[in-house]
Structures are given as C-alpha cells and as structure tokens.
Amino acid sequence: MRRVLSVASECVPLAKTGGLADVAGALPAALAGQGWEMRVLVPAYRGLAGRFARLEPLWSAKDLFGGPARVLAGRLEGIPFLLLDAPHLFDRAGGPYLGPDGEDHPDNPERFAALSWAAAEIARDGLADGWRPDILHAHDWQGALAPAYLHFAGIAVPSVLTIHNIAFQGLAPPGRLAALRLPEAGHAAGGVLEYYGRISTLKAGIALASAVTTVSPRYAAELARPEYGMGLEGVIAARPGAALGILNGIDTAAWNPGADRMIAVPYGVRSLGRKSANRTALLAEFGLAPVEGPLAVVVSRLTAQKGLDLLPEALPGFIAAGGGVAVLGAGEGGIEAALNAAARRFPGRVAVKIGYDEALSHRMFAGGDAVLVPSRFEPCGLTQLYALRYGAVPVVAATGGLADTVIDANPAALAGGVATGIILPPPLDGLALRQGLARLVALHADRRAFQAMQRAGMRQDFGWARSSAAYARLYEGLLP
Ligand code: ADP
C-alpha cells in the first residue's frame, strides 16, 4: 500500500464544525479500497486524547512553536489518527478555532502553522514506527502551510491541497512571518505568501502545493472567477489546470435511512410511506402543527454564506400556502435573532432550535419533506446530499456543489423522471427563495410527482467510490 498523510484541523468523530470533518473522516476508509493507506494528523484539542483506548507516541519535538509536542498514534472508529499533542497550542477551553468568548484564538496562525510544520517533518523523516508518507494531503488554510514548508525546505514529497472553502484564508499580520517560520522573500509584494500586505497561508498552499483540488467541479470553475475567488482567483487561474474539482461523497453507512438508529422509523425507496412517521415525530419534537403543505427543514451554520438571512422575508407566502419550517443551526447573532423572531411570528408553523445536534440533524432529514440550502456560495455542500438520501427534496441555490448534485424539477426533468430538487435561479435574493418555495408547494401538492422526485433523489449514488478513485489517480500521477 502507498501511504498518504492527511493534515486536517477537524475530523469526525473527534472534532467537527463543518463538512471538512466529514470528508477527512471518510477518506481513509474510501482510499484503503484504492490501495492507499491514509493516516490523519489532527490537533489534540482538549479532551481528545482521552477518547482513545491506546495511544502510541511516534514523534516528538522539544519546541514546536513555543512548547514541547508529540504525535500520538491511535485508532478510533477505524480511522488511523495521529494526534498532535501540543498542550501550549491545543489544550485550552473553546472550540478548534474560537475561544470561549467567541473570538478567534489570537495565536491561530501559529497553532495551525505548528500542525503544518509537524506534517512536513513527518513527511521528511517519517514516524518512529517507520511510516513515511508518499504523498502529503493538506486541507484548507489550517493545513496549507505544509506544502509551503515542504517547498521551502526542499523536501521532495508531493503535496495536494484541497480547498473546502476559499472564504477562510488564514490571514496573519506581516509581522508574524518569522514567528510562522516563513522566509521574508515569500512576502514581497505579489509573493507566494502575500495577500494585500498580509500573510495568507491558503495562498501559500495554493501557490506551492503540487496539486490543488476543491470539492466540486462547479466550484473549481467558480474559483478562478473574481465573484467567487475572494481575491485568490488569480493565484488559482495561474496554476496549470487551475483547481481540480472532486465531488465530496457521503458516509452511506452513517447516513442510511434504512438502518439509522437515530430516527423514529427506518425506511427506504420501496418503503417511502414509512417516512411519514418520522415527519410526525419531527413536527411533535419542534412543537409544530400538523401542516398540510411541505415541511421544510434547515440544518446549517447560520452565516451569510448560507443565505438564510433571506428566509424570513420568504416565509409569509409559504406559511399561508400551508408550509411549515423547522430550523436547526447556530452562528451569527443577527441571523439567529431574525429566525427566532420568525418563529414568534408564526407559532406552530415555524420553529427554531439554536445549537449543534448531530442526532437531531438525522431526524430532520428523515422527517423533512424538503431541505433548504440557499447558499450564496457552496463549495460542495453535504446537507443537500443527506437530504437526497433521506428523500427530503433539496431546494438549493444555483452554485458550486449544489448545482452539481441537484437536478432541477423543470418540465423536461419531471417528465423524464430524473428531477431530484429545486434550483433557485440567480440572482439569489428573497424573491428567488419565495418563488422556489412556491414551486415546492406546487410540486408537493402533486403527491405522485413529489414521491417520484423523492425516490429519484434516494437512488442517486453519492458514496465515496468514484471520488476516492479520483484522489487515488491524482496521487499516483504525482509520484516520482
Ligand atoms: P459547511 O461545511 O459549509 O458548514 P456542509 O454542508 O459542507 O457545510 O457541511 C455541514 C455539515 O454540518 C453537515 O454534515 C451538516 O449536517 C452539519 N451541520 C451543520 N449545522 C449543524 C447543526 N446545527 N447541527 C447538526 N449538524 C449540523
């Protein structure tokens, strides 16, 4: 087996704030089937080491960005983890990126530079058990300095950088260059580290990795354009072949309505009728009235990216037409407040739970008739994939992975039996969402047509087989 070191700031089941964690956790098993042994290097955030029955120290450093560090190897849920145990950086209150006050940890650049540095050292020297990667695969700005450190040290291990979201660029003030163990030269204007006078770890990774990928073909094309590239479109476009789009898969064992222990009643394509028991249970759980129209659910970070600030103004017509809405999410205070206000305005028809709840998210996909994902941009998006698998019709914006994975219920697609959801036509605004919800109401009223759509979605294959084969091909092409 060839070996690949994955470098990620979050990975299920240890730490998750978004889709990156799902992808990082799914890749090792998916790639094993392709002849690649992947180990995942993640920070040992507070309490994580205690979740392993056995951990073996395989690497150490006396001073990793201000304190001693070790790498501890252990398996959890079949995933071969390498925990970067550096208490001065990771053993602290708060989440992976934010302190208890909700602000970024002030030393985030150093924390994830340390993760990247350890990865590059492991790539150069290997671990104490003799394991040395043939390829280093870094994720997002947190891992993006790993290809840069390999490059600056002349270490000949090929690297892949996957961009899960270009909005997060790992920016740091230029004064931190030395603290991040980066060369002055790279920070000249237009240099590989320089982003409008600041340091961008993501830019460095994009410029210096052997290959750059992102998580859907459509987002790959979007990234080379100013509307989506967020200032890095030029760096992407300058790469031969720009970014390669490899669609994320989902864990079809964890997300299987036929065998999901977290939902009220399991069901499948041929027993779709049983989904209604989950709908009833979900309505009760949210204190919603038994609505005649579609029950639309939202499971999302509540940030501007996700477009849910557009929801309140689209609600009155949808509610009047018999719809109901259940929201699970957390994020920006203004969006949380607006959704809570909508719940007060439409008691029994709109309900909101602020928080993060994995089990409840399963019950929402199982109970919902539709899932709303009106994102302004969406690199891949996992929620619409879970929605499809659970027979909840996705209502999505025409962007990124949403556009790549949902087939709009236009007349031709409906007639051909291939429609799986509703794509909101651009420009994305309150009107587009209102009209999309009106289409949802109309489709839902035609019971047979709606069930045909649900079944078409459930039959789609979003497992990892195809995508992991694409990663394996990419790795093989990079080997010396
Ligand atoms: P992003 O990574 O931008 O947040 P994705 O759709 O790629 O968006 O992945 C989001 C993941 O997080 C999905 O697995 C989704 O179900 C989950 N998720 C988001 N918010 C919540 C929440 N409040 N409770 C439970 N799961 C959530």
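Since the model is a prediction, treat every value here as computed from it, not as a measurement.

Engineer: What am I meant to see in the sheet that holds strand β8 (residues 171-172) here?
Structural biologist: To summarise the sheet geometry, strands pair through backbone hydrogen bonds and adopt either a parallel or an antiparallel arrangement. Pairing in this open sheet of three strands is antiparallel, and the strands run β8-β10-β9 from one edge to the other. In this open sheet, the two strands that pair with only one neighbour each are β8 and β9 (194-195). Note: β8 against strand β10 (residues 198-200), two bridges, orientation antiparallel. Among the inter-strand pairings, A172 is bridged to a residue of β10, identified as I199. Across the face of the sheet, helix α6 (residues 201-208) comes into contact with β9 and β10 while running at roughly 55° to β10.

Engineer: Is there a simple way to explain the packing of helix α10 (residues 275-285) against helix α13 (residues 358-367) in this structure?
Structural biologist: Helix packing for two helices is described by the angle between their axes and how far apart those axes are. Where α10 meets α13, the closest approach of the two axes is 7 Å, and the angle between their N-to-C directions is 125°. When the axes of α10 and α13 are compared, the pair comes out oblique. By crossing handedness, the relation of α10 to α13 is classed as left-handed. From α10, K275, N278, R279, L282 and E285 reach across to α13, where they touch L360, R363, M364, F365, A366 and G367. The residue inventory of the contact of α10 with α13, partitioned by class, reads five nonpolar, two polar and four charged.

Engineer: Would you mind showing me how to read the sheet that holds strand β14 (residues 324-331) here?
Structural biologist: Within the open sheet, the six strands sit side by side as β15-β14-β13-β16-β17-β18. Their pairing is parallel. Either end of the sheet is taken by a strand with one partner, and the two such strands are β15 (350-354) and β18 (422-424). Ignoring which end each strand starts from, the neighbouring axes of this sheet average 20° apart. In this sheet, β18 lies alongside strand β17 (residues 393-397) in parallel orientation, the contact comprising three bridges.

Engineer: Could you clarify how one ought to interpret the site of the ligand in this entry?
Structural biologist: With respect to spatial proximity, 19 residues lie near the ligand, and among them G19, R301, K306, G355 and L382 are the closest. At a separation of 2.8 Å, a nitrogen atom of the ligand approaches a polar backbone atom of G355. A distance of 3.0 Å separates a nitrogen atom of the ligand from a polar atom in the backbone of D357. The fraction of the free accessible surface of the ligand (560 Å²) that becomes covered by protein chains is 93%. For the shell around the ligand, the elements supplying multiple residues, two or more each, are α1 (19-32), β13 (295-302), β14, α13 and α14 (383-389). The element best represented in the shell around the ligand is β13, accounting for three residues.

Engineer: Please explain helix α18 (residues 447-458) as it appears in this structure.
Structural biologist: Think of an α-helix as turning once every 3.6 residues; residues three or four places apart then point the same way. An ideal rise of 1.5 Å per residue puts 16 Å on 12 residues; α18 measures up with 16 Å between its terminal C-alpha atoms. Every buried residue of α18 is accounted for by F450, M453, Q454, A456, G457 and M458.

Engineer: What should I look at first to understand the pattern of salt bridges in this one?
Structural biologist: Charged atoms that come close allow side chains of opposite charge to pair. Considering all chains together, one arrives at 18 salt bridges under this definition. A salt bridge links R46 to D91, with the shortest nitrogen-to-oxygen separation between them at 2.8 Å. One end of the pair, R46, is in the loop between β2 (36-43) and β3 (56-61); the other, D91, is in the loop between α2 (87-90) and α3 (108-125), and 45 residues separate them in sequence. Taking the relative accessible area as the measure of exposure, D91 reaches 40% and is therefore partly exposed. In this structure, the salt-bridge partner of R376 is D309, at a minimum N-O distance of 2.8 Å. Here D309 lies in the loop between β13 and α11 (311-320) and R376 lies in the loop between β16 (370-373) and α14, a separation of 67 residues in the sequence. Among the charged side chains, a salt-bridge network with shared partners connects R3, E37, R39 and D129.

Engineer: In this structure, what is going on with the nonpolar core? I would like to understand it.
Structural biologist: Nonpolar side chains in soluble globular proteins generally cluster together in the buried interior. In terms of nonpolar packing, the biggest core is built from 98 residues, with L41, L84 and I206 touching the most fellow members. The element best represented in this core is α3, accounting for nine residues. The contact partners of L41, leaving out residues within four places of it in the chain, are L5, S6, V7, A8, V71, L82, L84, L115, A118, A119 and I122. By size, the runner-up hydrophobic cluster in this structure holds 38 residues, among which are I250, V297, F365 and L382.

Engineer: Looking at this structure, how should I read the pairing of strand β4 (residues 69-76)?
Structural biologist: Within β4, six of the eight residues are buried, which leaves it mostly tucked inside the rest of the structure. Examined bridge by bridge, β3 and β4 share five bridges and lie antiparallel to one another. Bridging across to β4, P57 finds its partner in L72. In this sheet, strand β5 (residues 79-85) lies alongside β4 in antiparallel orientation, the contact comprising seven bridges. By the bridge assignment for β5, R70 is matched with D85. The antiparallel pairing of β4 with β5 creates a hairpin that spans two residues between the two strands, and E77 there sits at a positive phi of about 50°.

Conventions adopted
Residues numbered from 1 in each chain as written. Predicted model: local features only at pLDDT ≥ 70, side-chain atom pairs only at ≥ 80, totals over all residues. Heavy atoms only, no water. Pairing = 2+ DSSP bridges. Helix = DSSP H or I, 4+ residues; strand = E, 2+ residues; numbered from the N terminus. Contact = heavy atoms within 4.5 Å. Axes fitted to C-alpha atoms, helices over the stretch in contact; angles between N-to-C directions. Parallel < 35°, antiparallel > 145°, perpendicular 65-115°, else oblique. Left-handed = near helix turned anticlockwise from the far one by under 90°. Nonpolar A, V, L, I, M, F, W, Y, C, P; charged D, E, K, R; others polar. Near = heavy atom within 4 Å. Polar contact = N/O pair within 3.5 Å; in protein donor to acceptor, adjacent residues only side chain to side chain. Areas by Shrake-Rupley, 256 points an atom, 1.4 Å probe, with all protein chains shown as cover. Expected span 1.5 Å × (residues − 1). Buried < 20%, exposed > 50% of the residue type's maximum accessible area, 1.4 Å probe, protein only. Salt bridge = Lys/Arg side-chain N within 4 Å of Asp/Glu carboxyl O. Core = buried A, V, L, I, M, F, W, Y, C linked by side-chain atoms within 4.5 Å.

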